[in-house]
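The chain contents come next:
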Amino acid sequence: MHDTTLLIARIIMGTCFIVWGWMKLRGGEAKLVPVLAAMGMPDAKALAYLVGFCELIGGVGVVLGYPRVTFSVALGVWCVVTALAAHKGDANQMLAHITMSGGFLALAAAGPGRIALFDGHPQGLFALLP
């Protein structure tokens, strides 16, 4: 039951980031570029695509259950940064992002479970990756 619950949590949490990343890469960056430019970010269009790529890859890593805490912690930190940088004027969005961060950090602490890539324990060169 524990491993199945972790799998469901990974699918729910990771799929959101896969969808958001894919949307940004498929034209959704048009909405993000003005926001980033207003924040004074250099080359907002390239940054919007980078955000989309990172969200997509991070979501895939979480769904697959990459056995290290890398993706869960990275997305947890990303949620806090996004909450503080982009949603500080909207309390509901800010709290939603902080809540997602807590979920990702809890997932990092629990680990991916056994229903995951490499059965939760990488071998060979993959064991050297963070």
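Numbering of residues starts from 1 in every chain and runs along the sequence as written. Per-residue local features are limited, in this predicted model, to residues with pLDDT of at least 70; the limit for side-chain atom pairs, both in listing and counting, is 80 or more; totals at the level of whole chains, interfaces and linings are taken over all residues. The basis for every side-chain value is the complete set of non-hydrogen atoms in the structure, without hydrogens or water.

The next point concerns the nonpolar core. The nonpolar side chains of soluble globular proteins are, as a tendency, buried together. With 8 residues, the main nonpolar core is built from Leu6, Met13, Phe17, Val62, Leu75, Cys79, Phe104 and Leu107. The helix and strand labels rest on DSSP assignments: H or I over at least four residues marks a helix, E over at least two residues marks a strand, and numbering proceeds from the N terminus. With 3 residues, helix 1 (residues 2–38) is the largest single contributor of residues to this core. Discounting chain neighbours no more than four positions away, the residues touching Phe104 are Met13, Phe17, Val62, Ser72, Leu75, Gly76 and Cys79. Residues grouped as a nonpolar core are buried Ala, Val, Leu, Ile, Met, Phe, Trp, Tyr and Cys residues, joined through side-chain atoms within 4.5 Å. Type-normalised accessible area, obtained with a 1.4 Å probe on protein chains alone, sets the label of each residue: buried when under 20%, exposed when over 50%, and partly exposed for intermediate values. Core analysis: the second largest hydrophobic core is formed by 5 residues, Leu32, Leu36, Ala44 and Val51 among them. Should any heavy atoms of two residues lie within 4.5 Å, those residues are considered in contact.

Moving on: the packing of aromatic side chains. Note on aromatic pairs: the rings of Phe, Tyr and Trp (six-membered ring only in Trp) are paired at centre separations within 6.5 Å, and the planes decide the class, stacked below 30 degrees, edge-to-face beyond 60, tilted for the rest. Applying the stated rule across the entire model yields 3 aromatic pairs. Seen in terms of ring centroids, Phe17 and Trp20 are 5.1 Å apart; in terms of plane orientation they differ by 75°. Their pairing is edge-to-face. Here Trp20 and Phe17 lie together in helix 1, a separation of 3 residues that amounts to about one turn. Residue Phe17 is classed as buried on the basis of its relative accessible area of 2%. Taking 5.4 Å as the distance between ring centres and 70° as the angle between the ring planes, the aromatic pair formed by Phe17 and Phe104 counts as edge-to-face.

Looking now at the packing of helix 3 (residues 70–86) against helix 4 (residues 91–110). Every axis corresponds to a line fitted to the C-alpha atoms, with the helix fit spanning only the stretch in contact, and the corresponding angles, defined between N-to-C directions, vary from 0 to 180 degrees. Following both chains from N to C, one finds helix 3 and helix 4 inclined at 165°, their axes separated by 8 Å at the closest point. By the angle class used here, helix 3 and helix 4 are roughly antiparallel. As helix 3 packs across helix 4, the resulting crossing turns out to be left-handed. In this structure, helix 3 contributes Ser72, Val73, Leu75, Gly76, Cys79, Val80, Thr82, Ala83 and Leu84 to the contact, and helix 4 contributes Met94, His97, Ile98, Met100, Ser101, Phe104, Leu105, Leu107 and Ala108. Amino acids are sorted into nonpolar (Ala, Val, Leu, Ile, Met, Phe, Trp, Tyr, Cys and Pro), charged (Asp, Glu, Lys and Arg) and polar (every other residue, Gly among them). Here the residues of the contact of helix 3 with helix 4 sort into 13 nonpolar, 5 polar and no charged. Note that the term roughly parallel is reserved for angles under 35 degrees, roughly antiparallel for angles over 145, roughly perpendicular for angles of 65 to 115, and oblique for everything else. Each crossing gets its handedness from the near helix: less than a right angle anticlockwise from the far helix is left-handed, clockwise is right-handed.

This part is about the packing of helix 1 against helix 2 (residues 44–64). Interaxial distance between helix 1 and helix 2 falls to 7 Å at its minimum, and their mutual angle equals 180°. As far as their axial angle goes, helix 2 and helix 1 are roughly antiparallel. A class-by-class count of the residues in the contact of helix 1 with helix 2 yields 21 nonpolar, 5 polar and 5 charged.

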